[in-house]
Every structure is written in structure tokens, then in C-alpha cells.
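Chain residues, written in single-letter form:
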Amino acid sequence: MNGETVSRGYEAVIALEVHVELSTRTKAFCSCPTAFGAEPNTQVCPICLGHPGALPSLNRKAVEFAVKAALALDCQVHPESAFARKNYFYPDLPKGYQITQYDRPLATGGRLDVEVGAETRRVRVRRLHLEEDTGKLLHAGDLYSLVDFNRSGVPLIEIVSEPDCRTPAEAAAYLETLRSVLEYLGVSDVRMEEGSMRCEPNISLRPVGVETLGTPVELKNLNSFRAVERALAYEIERQTALLDAGRRVDKETRRWDEASASTKFMRRKEGADDYRYFPEPDLPPLALEAGWLECVRRCIPELRPARRDRLVRDYGLPPYDAGVLTASRHLADYFEETVKLLGGDTSGTEAPGRTAAGAKAVSNWLMGDVSRLLNEAGLEPALMRTRTFTLPPSSLAELVALVQEGTISGKMAKDVLEESFSGGQSPRAVVAEKGLSQISDSGALETIVAQVVEGNPSVVADLLAGKEKAMGFLVGQVMKATGGKANPRLVNEMIRAKAGV
Amino acid sequence: MKLIESTASQLVTLIREGEVKRSEVVEAYLERIAAVDESVGSFLTVTADRARRSARLADTVAEGGATPAGGVPFALKDNICVKDVPTTCGSRYLTGYRPPYSATAATRLEDAGFLLLGKTNCDEFAMGSSTENSGFHPTANPWDLRRVPGGSSGGSAAAVAAFAVPFALGSDTGGSIRQPASFCGVVGLKPTYGLVSRYGLVAFASSLDQIGPITRDVTDLAMVLGAIAGPDPLDSTSSRGKPPDYTQALVPDVDGLRAGIPRELFGEGIEPEVRQRVEEAAAVLGELGVEIEECSLPSAAYALDMYYVIAPAEASSNLARYDGVRYGHRAGLGRVTPAGEGDEGGAIAGAEDGAAGGAKGVPAAAPPGDLLSLYVATRREGFGPEVKRRIMLGTYVLSAGYYDAYYIKAQKARTLLRQDFERAFGRYDILISPTSPTPAFPIGERVNDPLAMYLADLCTIPASLAGIPALSVPCGFSQGLPVGLQIMGRAFSEETLLRVAFAYEQRTDHHTKRPPLLGVKRR
Amino acid sequence: MAIITRQEVEHVALLARLAFEPDEIERFTSQLNDILGHVARLDDLDTSQVAPTASVVAGLSTPLREDEPWVGPLREEVLAGAPASERGFYRVPRVLE
């Protein structure tokens, strides 16, 4: 059901409203810190608590991040925009209104090109605006709810798409692409599981060929892209069944229930609540200078598609590798830094072709063992860039260099990697401490290789007859005799020479 | 007695020259408050300990040779936050509320060495023109205790008029500084919107509210304005430029200035004696060299209507935060106590405790079990009728289907009014009018007739809507009750207003008159 | 002719989280009608050529603040004035979703 546009004669029309928490240090309208994990109500002040007489003061960084996002989505950023009050009563809304943007948003008219399978679809962005987040409500038993205002006032951008998506897969792809763009910009952590990216899709069905839109249903409580996809697929089924039975789809808000894998009625949309929007009198209009906008535009980092292409071009990486490495900007940054350090390696010889080989080696390590170790430890790529990460780029560069030099074998390197990763020591230190240097001196190996070749004539005969498996056995014997420390490549060469292959 | 008859500026000099100690000044005023405030009812909280402590400290520092500034006590309208000092905004909802921070204007005064003596009574959340809407008790006009002091800054104006404090700050949204200043025979200024920070002023109508000084004469006004004006990063609507030294404007030279009298503010609603006093004032200005002629601000005839859409709309939103969740009243917790014996009027609490003696009787109900009931019961119990009326009006004019017809229409009309003023200031340096159509009316006369009450602001509202500065200076009496002259100017022309008011004051003696009822001798 | 009906007054009261006794509603409806009747005079003005006043301070744009955290008040201070609190949270009657 997921990939099909047409469901028994109906077309699904999906618009997505996404809220993104900006990773500024302070809140949108006050200087309270936004860092995660603080004790409840310890990151609050009279402003974000809505005390009498408090006034908002707009965070420059929040504006910068919002503008960056708007520019990256190809939006028209309006040189003048205005804030508005959205009025309603709720315990997590301290002022009884939210400061947002209504009829004069920061940006409109953008688009995002999204890869869905082999195709590229363009999804238009209707608008992007700045607003503040509410506090958090916790339910404590039947009688009470508890409120924490630490998140009250955290800056958000709201990104509304046009109803251009036609399938759940497209919607999920849009979200993935959007997430990637925002991550590359560095304006948000964009993790749905943590709530720094929230999605509320709107879905309606209409008979194929009909222009008029059907009744939209809004979906909430979606904590992952997967959930979005599944919820939309469910809705398509549900609405199809209703329409087929000649009944109407009601305009409502439905909640995704993970446990039953279904959507459940939550409330009538736009019922008695009249938000009474009016221009925020405490904030004059936001005027953005052309010069400043230009500056922000120039500071937009390379986004994923361009980076992917550049990794192929500059490092000679296969497109597949470039794709994997750029899945997260942090991983791509780590890759490039490692290769840079490798290139400036102190071994002294700078072979021009070495960069490509080195880059591939780094790529292989990252895609393979390093990713595995990260997954096992439950770590996100973002953490690779922190100062306390046990395997900084210098360590991985060192490891690759050690293998290239022949100091350790590739097999040994895996062990060294694990040691480094868990203990935090540099690979050279690990090798020195454990005496893992492999024997790469052919002189030292001459005797042993000669012994093994002379001691296994039948195997050597197999080898000469073309059975490559025999090589494995012979190399293994040398490795055993050297306690695993011989350089396998070198051993291989020496055996061939000795055996006369 | 003699000490309290000195103006604030005179006291600053006396203190600086070592003629009198701050502590003496504080005691003198505390004594005066004890003598008169039971009748006048200006104060909701008297911060005697705080004032005494600060005075003692500053006196000690002065003895050591340093010269700390100020030293003069002052009062703040109770909608201006001071950290840990009860701030009620004249509302039962905020009984016992102590802000976790101070308003910028309050901090600036205390940093300049002035001493907070107390918080004054006002109409609830600054909504009203008589201080009768206070959730605690009315304040009396020192000139006639059966009459209102005006509002909403009635407590501040009455305190200054009664010599209970040398100067006070009030707030003005539609006339709430100027009209009580006029009713009480003192000087009051609504500065240009944005000149004085609103941070810490409990919001009523955000695009109109301003804090301003209420003083006994124009010289004091210049001094106090200088202490509080200036940009504040905490208030995004505060203007950026550095203010001038307002005391330099106190030069009585107004020869050649042109003044217009808008006919819309001088029409039939103005009482005859008020009209006469203003005409006499115009004649004095004429003698001083000011050219005066009638002019017109056509849209000003509709100013009341604009105001009674815009102000309640903003207020309905600003007062939504009073929901019983984070501070103040919550239904069912019995915090709003019914009035008890001996709890009436005035609050000379020796200790800092204080917010106002008693609330009007409110029965404590069982705690509401659901959120909606909590909101509704809390707000029902906490707010008075005028506040509810304005919240209702404001919510209505912002609601779907009515927003364009009312709110947008009123904001467009406001643009017309601002254009009228701009045109007028193309020809005139200042505009003058009565501050209020009538002198102080009796307590109880208008409290049940909202529309009649609203008319008291007829002359003051236009300047508020336009954001321009406006000052009220005493210009005589009508049957023993003070009448005020309003002087308006272009944005940021406070120096011109001060100059004109100063020149006028030097030529007249209205500012030397004292309310006979309270026993302070005439000069 | 009533501009605002009793029903509308009740609806507005709900939006504003206020409630009234029947006689209060009567009184409010009447007073609001008086005020709205007066305010209707605004229709006399030709406002077709002007924009609504967006900001009274001409030429001012939103000042921007640097993204530097400050040290806020202690939680004890913050919760001291709270009508009801528990374990560092503000407490309200159960919110039903």
C-alpha cells in the first residue's frame, strides 16, 4: 500500500507542517539557556514564565538560523516581517498567548527536491516562520498535571509545505531530506525522537482526476519518520473505506497510536478555539538588511548533494561511499578531517595517488568497523565531533597510516581500533603498549618462510597447481610461527617468491 | 512640616549640602503619611523599612565624604514591579504577589539614590479614570475628600498633592497620569511612547502604556524624567537615542512659539469654568510671546472610539496570563480574603507586608477539579467588573468575523489621527487643551456608568493614540477644585513642553496652592 | 437594535475564560451594546487610503539580542509564589487531551 499513489481510484494529497527547534544557546525572547536535561523550572525567568510586566527581546541567532533555513529551502526571505500573538489558554502557555508570525511571515515560496526511489520530486514550501515553544506538561496521576517551563520560549521555526506529496513514501522522503538540509546547516539537532523536529501531516483523499481537495485530517503524536509513513498509510486505508462506503471524512485531528498501529480521534479541528491573531505590540516589525542577508547566504555551508558530489570528485570515492558518508554532516566532516590529517602524515612520503587510496581506506573504516562500534555503543554521528569522543579523526588517521606503513596488519588494526575506541588511547600508543607491531622486515621472516615452504611440500604443490586456498594455509602457518605478528602481505609475497609462483 | 513643603529638587540640594539627612527626610514623610493617608488612602504598601535602611546607608556613606545622589523619597504606582515588594496593580488577583524582578524605571530611580517609600493605589490594572476601580478601596482627592483623585494613577497623584511624598511615578495609557494630575493640582507627564522603558510596568495596552512622573512643579518633573528616560534593551519598543538633559529646558523663554488649540478638544463637553481657566492660561502664554490660534484635528473627535477598541483588545490579551497557574490568585486556595474588621483603606503597615488591607468579600470555594473551572473561577474571583468589561470588549473586537470591522478599522483610524497631528505640528510647536472636560467629580457619581466614565479621557486619549508627549500643569480652579492645562508636542519634544510649562508656572502661582483640608500651610 | 446578542456575550466569555451570573450577563450585554454603539461611529471615517498603525514608534525595527545565556532565578524563588507546586513543577488540575 505504501508506494501506491492510487488507492482504489483515490489520490492522496499530503501537506506537512514541521516544527524545528533551533539550536541557539538562549531562548527566542529571553536569555535563559536552552541546554537539555536541566531540572524542571531551572531555566526560566520572568519573561518566559509570563510574569506581569515582562517583555520579549528577540534572539539574533534565532533570526540568523531561521533565515539560513529559509535560504537553503530557496524561499523568498522578506526584508520586513512581523510578529503576532496567537491567543489561547493552556497551562504550558504562560502568557496565554504564543508569539508567532501570522500574516507577515519571515519567508514564503520555497522548495525542496526530494529523491523518492529513482525519481526526484519537487515539494514546494509555502512558508517558514519563527515562533516560540511552549512548556511541557506531564500527567501525574488522575487528578493532576505538572508543568515544566524550561522549554517555554525555545525558538522554533515552522515550515509548512504545499500539499504536493502524493504517497507516504514521498512524505517520509521529504522529511528525511528536510532533516538533512537542516542538519547540514547546523541550525538544529533535528531528532524526531527527541522532539527537536516534529511533524504534523495533513492528508485528504480525492477521486483521481478531480481538482477539488478532499477533507483534510491532521495527524499528531508522530515520533519518527517511520511512524509518519505508517500513519499516513493507515489514514489512506481508513479514508478510502469511508469514501467507498459513501460516507464523509470528518475534518478532525487524529492521534497516532503506536501500540495499535492506528490513528484515533482526538478532537474536532478548529472548533471553538478562535486564536484572535493580532500584531504583537511589544515587538516592532523585523527588518533585515540586504547586506546582512547576503552575508548569511554566503555563510550557508555546502549542503548534502553538493558535498556528495565533491567527495566523489575530490577524493575519488565511489558514489555509494560518498552517499553513505554524507548521510550525516558530522560523519562527512569527520571523514574529511581524517583524510586531511592522513595526507599530512609524518611518515614523510607524499605519494600523489596516496590520497585517493587513503581516502578509500578511511571510507572503508568509517562505513564498516567504526559505524559498527558507534551503533553498538548507541552513539550518534554528532558525537564524533565532540572533544571527548574516544576516537578523534587524528586517531583514525593514525590507524590507517599504521596499516599503510606496514606496522600492523589490517586484521590487527581491527583490534587496535576497538582498543582505541573503548579506551581512548591513540592507536600508536595501543600498538606500543601491546607490542603489536607486525614483523615487516623480510630478513626476519626469511627463515620462517623457508621452514614453512620446505615443511609443506604437498601444499606448495597445490599452490603451484593454482589452488589459492593453499596460500591461506601457508600464510597461516607463518602467522602462527610469528604469534600473528607477521605482515600478511609481505608473507604472501615471500611465499610466492620462495615457492616459485 | 516645613521639610515636606520643599520640592524634590530643593530637597536634593538640602541633602547634598548637608543641611538635612536623608533619614530625617524619610521620617518626615512617614509622619505625614501617618497623619493623612487614612483619609486620602493613597498607599497600598508603605516600604518604611526599605526606605529607612537605604537612607541610613546613604547617610553613612555621605558622612564618609562621598556624595551619593538623590536621597529624596518617592512612590510608585502599584502596577510598577519592585522585586520582592507587594505589587497588586490594584487587583485582588495579585494580592500578596511579590515580583521576582524590578521595573527598569524603578531600578533607575533607586540607582540614582532616590528612596522608595511605597506603592500607590490605582484603578485595577490601570483601567479607569477615578481609582474607584481599585480592588481594595477608593482614594480620595486631597482637595475634597468626597471626590475622586482621578485615575488610574489616582494614588500617586493624591500622594504628591497631599505632601505625603515629594514625587511619584504613574502610568498613562489614555490619560492616567495627566487626568489625576489635573484633578489633584499637580504636574504630570506622559512621555513620548518609547522614551521610558516599559519593562516591569504591568501591561494594560502595550501600544499605549507609558510610565511618567507626577510632581509638584515643572522643575521636579525635569529632574525625575531625566532619571528614568533612555533606551532599555529589555524593552524592544523603547527608543534608541540618548535623551537630552531635561533640566536645561527650564528656561522661561517661549517667545515666538506657535500654539494651536484643537477645537475637537475644546467643544461642548468642556465645562464652562474649565474652558475659562484654559482661555486664561492661553492668555498668559500669549503675554509670554506665544502665538495662539484655533486649529483642527478632525479625527480626534473619534479618538475615544479608537481607544475603546484598541486598548481593550490589547488588554484582553495582556491579562490572559492571569490564569491561576504560576502566581497570584487561584480559586479554592482561599488566598483572596474577605475584608475583615479594621482592614479598611490605607495600609500603613509598619512592616513591609503589605498589600492592602482587605479585598471585597469573596467566599472561598472548594478547589476546582478541572482546568476550565480553575481558569473561570480564578478569573471571576480575581477581577473586578471594569476589568471584566474591557476583557470582554477586547476579546469581542479581536474575534473571528469582527477583527476587520473593529480592530483593523480602529488602527486605520489611528493612522488618520497621527496624520492629523503631523499636519498640525507642521504649523504649530505645541497644541494645548484642557486636560479633562471637568474637574474632579464626586466618588460614586460615574462608577456605574462606564460611558460617562470614559468621557473623562476625551482630551487625553488623542496624544496616547499618537504616541506623542503630553503634560498637564495646574492652571487654576473651578469652585475650589484644580483644573489642568494640557500641553502636547511632537514626538521627543519634551524639552519644549517643559519650557512652556516652566514659563507658565513662573508667571502664575497655581502650583503654590495647597489643599486646605489637610493642614499644610500655604507658602 | 442589539449589536451583540446575549449568546455572543456568552461565547466571548468562554473565549476569555470568564463566567457570569444571569443578571451579570444581562448587564454586560447591555453595557457592551452601549459601548459598541458608540464605537460604531468609526464607520463615519474614510480609512480607505491608510494602513493600520503597525507601530507607534516610527522607523523602529526589532532590536536583536546576542545569544548569551544569563543566570536566572533559583527555582525556590520561582516557585515561591506558585499557587500549587510539586517536586519542582507547577501543579494544575489534570489536563485531558
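Residues numbered from 1 in each chain as written. Chains lettered and ligands numbered in written order. Predicted model: local features only at pLDDT ≥ 70, side-chain atom pairs only at ≥ 80, totals over all residues.

A. Main features of the overall build of chain B. Check the secondary structure of chain B and you find 16 helices and 11 strands. At 22 Å, chain B has a C-alpha radius of gyration in line with the 24 Å of a compact globule built from 523 residues. For chain B, the spread of C-alpha atoms along the three principal axes comes to 70 × 65 × 45 Å. By residue count, 66% of the 523 residues in chain B fall in the buried class. Excluding contacts between residues fewer than 6 apart, the proportion of contacts in chain B whose partners are at least 24 apart in sequence is 77%. (Helix = DSSP H or I, 4+ residues; strand = E, 2+ residues; numbered from the N terminus. Rg over C-alpha atoms; globule rule 2.2 N^0.38 Å. Buried ≥ 20, exposed ≤ 12 C-beta atoms within 10 Å, placed from the backbone. Contact = placed C-beta atoms within 7 Å.)

B. Structural view of the overall build of chain A. Helix and strand counts for chain A come out as 15 helices and 18 strands. On C-alpha atoms alone, chain A measures out to a radius of gyration of 30 Å, which is more than a quarter above the 23 Å that the 2.2 N^0.38 rule sets for 501 residues. Expressed as lengths along the three principal axes of its C-alpha atoms, the size of chain A is roughly 95 × 55 × 50 Å. A burial count over chain A gives 45% of its 501 residues as buried. The long-range share in chain A, meaning contacts at least 24 apart out of those at least 6 apart in sequence, stands at 70%.

C. Focus on the interface of chain C and chain B. Between chain C and chain B, the contact holds 40 residues from the first and 53 residues from the second. Those elements that place two or more of their residues in the side of chain C that touches chain B are helix H1 (6-15), helix H2 (22-39), helix H3 (75-80) and strand E3 (89-93) of chain C. For the side of chain C that touches chain B, the element with the most residues is H2(C), which contributes seven residues. For the side of chain C that touches chain B, the per-class residue count stands at 29 nonpolar, six polar and five charged. (Nonpolar A, V, L, I, M, F, W, Y, C, P; charged D, E, K, R; others polar.)

D. A look at the domain arrangement of chain A. With domains assigned, chain A is organised as domain 1 (6-291), domain 2 (304-434) and domain 3 (442-499). Using C-alpha coordinates to define each centre, domain 2 of chain A is positioned 31 Å away from domain 3 of chain A. (Domains from an automatic or database assignment.)

E. Structural detail: the interface of chain B and chain A. Contacts between the two partners involve 35 residues from chain B and, on the opposite side, 26 residues from chain A. Of all the secondary-structure elements, those providing two or more residues to the side of chain B that touches chain A are helix H10 (303-318), helix H11 (371-382) and helix H12 (385-398) of chain B. By residue number, the principal contributor to the side of chain B that touches chain A is H10(B), which donates three residues. For the side of chain B that touches chain A, a count of residues per class yields 21 nonpolar, eight polar and six charged.

F. Focus on the packing of helix H2 (residues 168-185) of chain A against helix H3 (residues 225-244) of chain A. Residues and elements named next belong to chain A. Running from N to C, H2 and H3 cross one another at 155°; their axes reach a closest spacing of 8 Å. In terms of their interaxial angle, H2 and H3 are classed as roughly antiparallel. At the point where H2 passes H3, the crossing takes the right-handed sense. Each of Pro168, Ala169, Ala171, Ala172, Leu175 and Glu176 in H2 lies in contact with H3, whose residues at this interface are Phe225, Val228, Glu229, Leu232 and Ala233. (Axes fitted to C-alpha atoms, helices over the stretch in contact; angles between N-to-C directions. Parallel < 35°, antiparallel > 145°, perpendicular 65-115°, else oblique. Left-handed = near helix turned anticlockwise from the far one by under 90°.)

G. Representation of the pairing of strand E2 (residues 73-77) of chain B within the structure. All names here are of chain B. Burial analysis of E2 places five of its five residues in the buried class, which makes it a mostly covered element. Of the two faces of E2, the one lined by Pro73, Ala75 and Lys77 and the one lined by Phe74 and Leu76 are each fully buried. Alignment of E2 against strand E3 (residues 115-120), held across five bridges, turns out to be parallel. Note that in E3 the partner of Phe74 across the bridge is Leu116. Running through helix H5 (residues 104-111), the crossover from E2 to the neighbouring parallel element E3 is right-handed. Two strands pair when backbone bridges link them, and E2 and strand E4 (residues 167-172) are joined in this way by three bridges, in the parallel orientation. (Pairing = 2+ DSSP bridges. Right-handed = clockwise from strand over helix to strand, strands pointing away.)

H. Representation of the sheet that holds strand E17 (residues 278-279) of chain A in the model. All names here are of chain A. The three strands are arranged E7-E6-E17 in an open sheet whose pairing can be described as antiparallel. On the outer flanks of this sheet lie strand E7 (97-100) and E17, each paired with one strand and no other. Note: strand E6 (residues 84-87) against E7, four bridges, orientation antiparallel. Considered in E7, the bridge of Ala84 is made with Thr100.

I. Molecular detail of H12(B). The first and last C-alpha atoms of H12(B) sit 20 Å apart over 14 residues, in line with the 20 Å expected at 1.5 Å per residue. Most of H12(B) is tucked away: 13 of the 14 residues are buried. (Expected span 1.5 Å × (residues − 1).)

J. Structural view of the sheet that holds strand E10 (residues 470-478) of chain B. All names here are of chain B. Strand order in this open sheet of 11 strands is E1-E3-E2-E4-E6-E5-E10-E11-E9-E7-E8, and the pairing throughout is mixed. Two strands close off the open sheet at either side, each with one partner strand: strand E1 (43-46) and strand E8 (291-295). Averaged over all pairs of adjacent strands, the angle between their axes in this sheet comes to 30°, without regard to strand direction. Note that strand E5 (residues 187-190) and E10 share three bridges and pair antiparallel. Directly across from Leu189, in E10, lies its bridge partner Leu471. In this fold helix H9 (residues 272-287) packs onto strand E7 (258-262), E8, strand E9 (430-434), E10 and strand E11 (481-489), with an angle of close to 115° to the strand it touches most, E10.

K. Highlighting the nonpolar core. Within the largest apolar cluster, 278 residues are counted, with the highest numbers of intra-cluster contacts made by A:Ala66, A:Ala69, A:Ala70, A:Leu128, B:Phe74, B:Met306 and B:Ile487. Those residues in contact with B:Phe74 that lie beyond four places of it in its chain are B:Leu109, B:Phe114, B:Leu115, B:Leu116, B:Leu117, B:Val165, B:Pro166, B:Phe167 and B:Ala168. Residues A:Val339, A:Val370, A:Leu399 and A:Val400 belong to the second largest nonpolar core, which totals 35 residues. (Core = buried A, V, L, I, M, F, W, Y, C linked by C-beta atoms within 7 Å.)

L. Quick look at the confidence of the model for chain B. On average, residues of chain B carry a pLDDT of 91, and 92% of them reach 70 or more. For this predicted complex, the interface score ipTM comes out at 0.95, while the overall pTM is 0.88. (pLDDT = per-residue confidence, 0-100.)

M. Focus on helix H5 (residues 304-315) of chain A. Residues and elements named next belong to chain A. Compared with an ideal rise of 1.5 Å per residue, which puts 12 residues at 16 Å, H5 spans 16 Å between its outermost C-alpha atoms and is within 8% of the ideal. The complete set of buried residues in H5 reads Arg308, Leu311 and Tyr315. Relative to the axis of H5, the buried residues are bounded by an arc of 80° and lie together on one face. Seen from the open side of H5, the exposed residues pointing more than 90 degrees away from its buried face are Ala306 and Arg313. At the exit of H5 stands Gly316, carrying a positive phi of roughly 65°. (Arc of directions from axis to C-beta.)

N. Examining the packing of H12(B) against H2(C) more closely. Close contact between H12(B) and H2(C) brings their axes to 11 Å; oriented N to C, the two are set at 60°. Considering the angle they form, H12(B) stands oblique to H2(C). By crossing handedness, the relation of H12(B) to H2(C) is classed as right-handed. Contacts between H12(B) and H2(C) involve B:Arg389, B:Met392 and B:Leu393 from the first element and C:Phe28, C:Gln31, C:Leu32 and C:Ile35 from the second.

O. Looking closely at the environment of A:Val147. Topologically, A:Val147 is positioned in strand E11 (residues 144-148). Taking the C-beta count within 10 Å as the criterion, A:Val147 has 26 such neighbours and is therefore assigned buried. Taking C-alpha positions, A:Val147 is 7.2 Å from A:Pro91, a pair spaced 56 residues apart along the chain. Not counting chain neighbours up to four residues away, the residues in contact with A:Val147 comprise A:Pro91, A:Asp92, A:Gly135, A:Leu137, B:Val325, C:Phe89, C:Tyr90 and C:Val92.

P. Structural detail: unusual backbone geometry. Look at the link from B:Gly151 to B:Ser152: it is a cis peptide, with omega at 10°. With respect to the element layout, B:Ser152 can be found in the loop between E3 and helix H6 (154-161). Backbone geometry at A:Asn41 places phi at a positive 55°, although glycine is not the residue there. On the secondary structure map, A:Asn41 appears in the loop between strand E2 (10-21) and strand E3 (58-59). Of note, the phi angle at A:Val190 is positive, near 35°, even though the residue is not glycine. Inspection of the secondary structure puts A:Val190 in the loop between H2 and strand E13 (197-207). Residue classification places A:Val190 among the buried positions, given that 21 C-beta atoms sit within 10 Å.

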